[in-house]
Each structure stands twice: as C-alpha cells, then as structure tokens.
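Okay, here's what each chain looks like letter by letter:
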Amino acid sequence: MKIRTGFYAYLAIASCLGITVSRSDFHWGLLFLSLLFFLMIYRIDEKPRGLFLLTILFTAGFSAYMLYVDSANASIHHLSESEFAGTVYSPVMIDGNKVGFQMKSSQNEVLVVEYFMDMAEEALHFSELEIGDSCKWSGIVKQPQQASNPHAFDYQNYLYEQKIHWILTLNSLPKACTSTSKTSFFTSIKQYRQQGIHLINAYVDQPQASFMISLIFGDRSSLDGELLDAYQQLGLVHLLAISGLHVGIITAATFFLGIRIGFTRQWMNLLLISILPIYALLAGGAPSVMRAATMTGVALTLLLLKKKVFSIDTIGLACIFVLLLNPYYLYHIGFQLSFSVSLSLLLASKSIQKVKNGTAQLFIVSLIAQVASLPLLLYHFYQFSIWSPLLNIIFVPFYSLYVLPISFLLFFVLLLSPDDVSLFIPFLSYPLEIMNSLAVWIAQFPLGTMVFGKPAILLTAVYCVSVIFFFCKLETNKVSAGVIGLLICMVFHWNIHYFNPYGKIVVLDIGQGDAIYISLPFNKGKYLIDTGGMFSFPEEEWRKRKKEFHNGSDVLVPFLKAEGVRRLDKLILTHGDFDHIGNVESLWGQVGIKEILVPQGFGVSEVEQDILKEAKRRSVSTGIAVSNTGWKVGDASFSFLHPAKIYESKNEGSIVLFAMIGKRNWLFTGDMEEEAERDFIHAYPTLNVDVLKVGHHGSKTSSTEGFLGRTKPKVAIISAGRNNRFGHPHQEVLDRLSQVDAKVYRTDLHGAIIFEFTHRGGTFSTIIP
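In this text, all values refer to a predicted model and were calculated from it rather than measured experimentally. (Residues numbered from 1 in each chain as written. Predicted model: local features only at pLDDT ≥ 70, side-chain atom pairs only at ≥ 80, totals over all residues. Heavy atoms only, no water.)

Chemist: I tried to follow the overall build of the chain on my own but got confused; where do I start?
Modeler: What the chain contains, in helices and strands, is 27 helices and 26 strands. For the chain, the C-alpha radius of gyration of 29 Å lies close to 27 Å, the compact-globule estimate for 769 residues. If one aligns the C-alpha atoms of the chain with their principal axes, the spans along those axes are about 95 × 65 × 50 Å. (Helix = DSSP H or I, 4+ residues; strand = E, 2+ residues; numbered from the N terminus. Rg over C-alpha atoms; globule rule 2.2 N^0.38 Å.)

Below, the structure is given as structure tokens:
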C-alpha cells in the first residue's frame, strides 16, 4: 500500500538537497546523504515507486535550477564606472551622518548606495526622496567587504544572495531627481509600505513606533540596539518579527470579521487568498513571512477545492514554492528557523494536544520549538538561553494577544484620525515599557546564556539526527530516550575542546589595533593578547548614529563565543594604548577571565584604572608581567622577556612575550619601538625567532634593521587597519622585512591570520586568500 503521508514534504527535502549540493564544497558528502535519503524513500514507497523517482527528479532539477540562478547572478557594471542613472529602490535610511538605501540602475541592476553628509541640512534633501524617484548619481564604486575573521558575518555574500554586487559611495547629492507617475505593482507596494512607516513615525513616539513598525511592516531597523540584543540573547527575538503565529492571528481575525459582517466562508477564503501575497510584500517579504503566507494560502486553496492534504504536505508545498521564488532563501536563517520550527510543532501536535493545561501547553510548545531550532541556533549564534521556554510563557501571549492587536488598532486609528491616536498610545506604551525592562534585566544575568561555540558541519549533522531521533521517540511516547540522545550530543559539544588535538593562534582583523587569540590542544589553555579598541572622537549630535560598529562587541566577542570560549585563562595587555586595551569593557559579562597580566607602570590613564577597578570588583586576578618569568603547558612554553624596567613611553614598555608553539618560536612585541628593540637585542643577542608579530602595526619607528638582523624572522605578521590614517605598515618596514626574506602576512590585506598546530607542527592560512 502506498503511503501518502508527507509526499510533498519528501519533495521539499529533495529540493533543499539539490540546492545545497550545487552550492556546497562538500559535494560528495552531500551526494552520499542524498543517496541515503533516496534509499529511505525507496523503502517507504513500495508500489509503485513514483515518489522515489520524483525525489531524484526534484533533487536534480533544483540543483540545475540553482546552478542556472548562480550563473545568471553576475554584474553588468564595472569598477571604473562613476556615473549612474537609476531609481530609488528601497526606503532611504538616515542614521546620523550616514545615508543608505538601494538604487536600481537604468540597466536594471540593484546597487547599495551610501552617502556621508558634511552638513545636517543635507538630510532634508534625502528625506524628500521616495521609492521610485529617478535621479542621476555620481560616486565611487567598490565591492562589498567579504568576511575577514573566522565565523564573521559575510556582507559580500549577503548582498550576493540579493543579487547585489556593488556599493556606490556618492561624492555629491543626487541630481535631476524626478518622480514618476507610472510605477510597477511591486514598486507601488513598497511605496504604500513606506508611507505606512512614515505615518507611524510622524504620530507615535519611540520606542512604541519602532515596535509597531516591526510587528506591522516587518522592519526592525529602528528598534533600540540594546533592547534587540536582550531579546536575541533570551531567545525572544522571534516575537519582534512577523512569524507564522503572527500571520495566523491576522488571518483568523480577518476571517472572523468578514463572517460577522456577512461574507460567506467561500468569499472570505477567496479574499484571504488574494490579499495574503500583498500582505507578505507589505511586511517586507522575509522568508518567514513568505512561508506563513504560502502555507495559509495553500491550506485555504485546498479547502476551497475540497481536497484533503496532510498538514506536513502543506509545509512541503510552501517550501517548494518559496525556493522556486528564490533558491537563495535556503541559506537565510529566517527560512531555516521558520520551516524547522513549523515542522516540529506539526510533528509534535498529538503530544501537545494531550496537555490540557494552557500554560503547560504553551511551555511544551516553546520547549519543542527550542529543541527543533537548537542546531540552527548553535550554528548561527553559538549559544542559547535556558530562560527561553519559561519566558515564552509570559512574552508570547503578551505580544500575540495584546501588543499585536493594539498595534493594528493604533494603525487603523492613524489611518482614520491621526490626531486622536495619542489618546490610545498609553495602552501600548506602559505595558511595553514594563516588559522591555524585564527583558533587559533578565538578559544581564550571564548564567542564563550557555555558550557552546559554533559546531562543525559534522557535529551539526549529528545534532540534526539527534533532533529527528527526539521527535521519533516523542511520537512513540518514549521521549526519555530522545532527551538522552540530545543531552549526550550537547554534553559532548560542551566538552569538545578536551578532545581536540589541534590548537590555534588567530591574529584577528580588529582594525587599527592588536588582538591575538591562542588556544592550546586538549583545552590546556586559552589566552588573549590585547583586545583591540576603536578611537572615538567628539562629534556633533546630529552625526551620531544609533548603532556604531564596535570591533569589541561586533568582532572580538562573537569570535570568542564562536570558538566556545567561556573563560580566558590569561588576558595579556601589552601596554595601555587604547587600540590594545579599549575592548576589555566588551569582555566583561560576556567572557570570563581568570587572570589579567599587565606591564610595569600600568594604571596611569583613566581607561587603565577602570580596567583594574573592574577586575577587582569581579574578583579577577591581576598581575605584573615580570621579565624572565613565564609558564609551560605540555609542549608549549611562554616567557616574558620585556620590559625589565619602566619606560617613559608606553610603546617602549610593551610586554614582549616569547612562546614556543607548534614547533615554532613566536615573538609577540606589542608596540615596542627602536629604544626598546636596542635593549632587547642587547639582552637576547642570540634569540631565534620563527614568527614575529611586527611591532607597532608596521610603523617605521619599529622593526629596525638591527632588530630584524638579529632575530631574522621567517614569518612576519602585521596587524593594521585598512586605509588607516597613520599609513601603517610603512614601506620602509616592508622593505626591511623583505631584506631578511620574511614572508609577510597583513590583516589589512589578508584578514585574520590563522596558525593551526599539533605537537608535530602547524600551518598558516588566511581568511582572505
């Protein structure tokens, strides 16, 4: 007998496999998984074997489709172009002195446009631009920056999957701008969406406006960064996006109102099928919205046709439809979470229905969603919150049954009588303020967040298998076996560093600064030499942005969490310059620190004093790096060679650490300059150095001929920011390194520099080839 359950779900899985195989570097492994999948289908679908053949056809078809889409995803513009004619393609966002939006050129290609204002009055010109306006644009074209650190967000790939290949930095205001009366359907939808957002911003104060915009139009760009981080950390950020539950509530409310007005069920179904695609576009067209709208549309269509299809097949049809619209959606975290959670809740629906208590049922739903999303959360965010299932009991009803309806009610009041909306705002503002304060307060407690690190592809696959096993056992009322399987996987992941025979040294691309991470094999030691730090200069109020890029919270902390670092054994601060210690504040409360080591004389500046005070408050041991002392762990040894005295200059008094790691001799020099280098080679005239961390970012006041002539490094690593205002590294230094035949790695050119090693030795690699 042919088993029809999940027919379209199997085809959806085959479609995902086809897309993945065509874009993956692991072709053979994925083809092997595909073969196992086909064999499983072959055994399930006995006579005839139509499903088996269809899964093969869908895998091959979507693989070919993805290859075709990829081959067509190329730019017709060139790096040398500077003049463009085109239309505004997205809302114009003004954040401080930066203007950003998308522009569609006359050749029908989308570019990201940015402009940095010199005067506040220029904002008025850009605020008048609307989607569809046609202008002439002049500026410099550049390629988007690819990821330059391990595990970092790849902006270049993010834009590529939106078929965007260039960033146009304007050098002047747009010219000859005209509004067009004829616009396409999609442009009209975008215009209506932007008008709605403008209407909310004009009559509703923050932060209520940003929440309304997020829940009605799916735009989270105006939400407070600290608040968004708190919701993200607690596993509640899905509440601030338009989800399946969100679309379901809106659909049910619209259906109920239509029936009460007097429409028949058939007419309401037809109406909903017609307006759902429009609402999906008004809500921003995110994958989660597309999934929810498509599933609802499929279910309503089948209801009209009086066809019975399993709910799991509705998910399968929605998945296939969304991937046909855009196969790149498969790599979108929203798509992955939306479909995985929806499928898990469907598979567990019988178990959920057995629980009669409403609060307990909501807790079980949240717990099941957490289990289903666990592999994705760990792979993309490296951590999860143990508070999430409990907090969802409070926050889900609050947002779904209160904030969402009130937001729509306020919006309808805005449409009918904008001046009266202030009467209703308190119904949203006061409860929202209380709940937001609760979220921020709970997020302050690090005990609730468990940092596992980013799992490798193989471990992620094991997680997925353990999750599938969990739901299989849940179906057969043997959930304890499924829980044990998941716990084994999580315990192994939590302690995976103890089984890892590889160590690594990573010189991070931290901009104009130093941050060097050292991890020894089998979790014998985790050390960080300096933290980097960005200089900030006083600015006029209008220039300040809502969320400035911060290489501590945006680069250093995510990297450490992705590496699974919950505590550093030693934090070595070579000296007190801000570009070496400025990001220590980002580590507090995010990564534990066992011991901080500083040079003699440390504690003069306010920043240095703050570090020492906070270390004392948190009971972190603080010590002085004394010359000719050190420690040894396994095959690795570390020795402080400098400073032996207090220098007037902080740079000259930098800690110099000599380490024997991976069969190579390393010399980490901080910002040591000429005077200290003379003292150093006098004290250690025969020191053999294989790898030199070049002093002071390649400044000509460091790495003198005498110093390089004595140390004779085979490899030189320079940590410097791209296009930095100091001109580092200086050409004189590069010439001196060339004279001693040192192979040079630079973070400004190569991104992060990685040395992976075992007790036998190691190899270098860079993020940017």
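Chemist: Mind showing me how you'd approach the sheet that holds strand 23 (residues 715-718) here?
Modeler: Note on sheets: strands pair through backbone hydrogen bonds, and any given pair is parallel or antiparallel. The sheet built from 7 strands is open, its strands ordered 18-19-20-21-22-23-24 with mixed pairing. The open sheet has two edge strands, strand 18 (629-633) and strand 24 (743-746), and neither has a second partner. Direction aside, neighbouring strands of the sheet carry axes that sit 15° apart on average. Of the strand pairs in this sheet, strand 22 (residues 691-693) and strand 23 are connected by 3 bridges, and their pairing is parallel. Across the sheet, the residue bridging to Lys693 is Ile717, located in strand 23. (Pairing = 2+ DSSP bridges. Axes fitted to C-alpha atoms, helices over the stretch in contact; angles between N-to-C directions.)

Chemist: Sorry, what's going on with the nonpolar core here?
Modeler: Note that soluble globular proteins tend to have their nonpolar side chains buried in a common cluster. Among the nonpolar cores identified, the biggest contains 75 residues, and Ile200, Met212, Phe395 and Tyr399 are the most heavily contacted of them. No other element matches helix 16 (residues 388-416), which puts 13 residues into this core. Those residues within four positions of Met212 in sequence are excluded, and the remaining contacts are Ile200, Val204, Phe217, Ser407, Leu410, Phe411, Leu414 and Leu428. (Core = buried A, V, L, I, M, F, W, Y, C linked by side-chain atoms within 4.5 Å. Buried < 20%, exposed > 50% of the residue type's maximum accessible area, 1.4 Å probe, protein only. Contact = heavy atoms within 4.5 Å.)

Chemist: Would you mind showing me how to read helix 1 (residues 7-23) here?
Modeler: Along an α-helix, residues three or four apart share an orientation, since each turn contains 3.6 residues. Spanning 17 residues, helix 1 covers 25 Å between terminal C-alpha atoms, matching the ideal 24 Å at 1.5 Å per step. Of all 17 residues in helix 1, 13 are buried; the element is thus mostly enclosed. (Expected span 1.5 Å × (residues − 1).)

Chemist: What should I look at first to understand the packing of helix 6 (residues 185-203) against helix 10 (residues 265-282) in this one?
Modeler: Working note: a packed helix pair is described by the angle between its axes plus the distance between those axes. Their axes nearest at 9 Å, the elements helix 6 and helix 10 cross at an angle of 60°. Classified by the angle between their axes, helix 6 and helix 10 sit oblique to one another. Considering the relative orientation of helix 6 and helix 10, their crossing is right-handed. Of helix 10, the residues touching helix 6 (which contributes Phe185, Phe186, Ile189, Tyr192 and Arg193) are Ile278, Leu281 and Leu282. Its residues placed into classes, the contact of helix 6 with helix 10 shows 7 nonpolar, no polar and 1 charged. (Parallel < 35°, antiparallel > 145°, perpendicular 65-115°, else oblique. Left-handed = near helix turned anticlockwise from the far one by under 90°. Nonpolar A, V, L, I, M, F, W, Y, C, P; charged D, E, K, R; others polar.)

Chemist: Got a minute to help me understand the sheet that holds strand 14 (residues 570-572) in this structure?
Modeler: Strand order in the open sheet made by the 8 strands is 17-16-14-12-11-10-25-26, with mixed pairing throughout. Looking at the sheet topology across the chains shown, the edges are occupied by strand 17 (621-624) and strand 26 (761-766). Direction aside, the axes of adjacent strands within the sheet are offset by 15° on average. Note: strand 11 (residues 516-519) against strand 12 (residues 526-529), 4 bridges, orientation antiparallel. Bridging from a neighbouring strand, Ser519 pairs with Lys526 of strand 12.

Chemist: When you look at the pattern of salt bridges in this model, what are you seeing that I'm missing?
Modeler: Pairing is possible between side chains that carry opposite charge, provided their charged atoms lie close to one another. Per the stated rule, a full pass over the model turns up 17 salt bridges. Among the ionic pairs, Lys142 bridges to Glu114, the shortest N-O distance being 3.4 Å. Here Lys142 is found in strand 5 (residues 134-142), whereas its partner Glu114 is found in strand 4 (residues 110-116), with 28 residues between them in sequence. In this structure Glu114 comes out as buried when scored by relative accessible area, which is 10%. Across the pair Asp690 and Lys714 runs a salt bridge whose closest N-O atoms are separated by 3.0 Å. Here Asp690, found in the loop between helix 24 (674-683) and strand 22, pairs with Lys714, found in the loop between helix 25 (705-711) and strand 23; they are 24 residues apart in sequence, far enough to count as distant. (Salt bridge = Lys/Arg side-chain N within 4 Å of Asp/Glu carboxyl O.)

Fair warning: the whole summary comes from geometry, so function is off the table for now.
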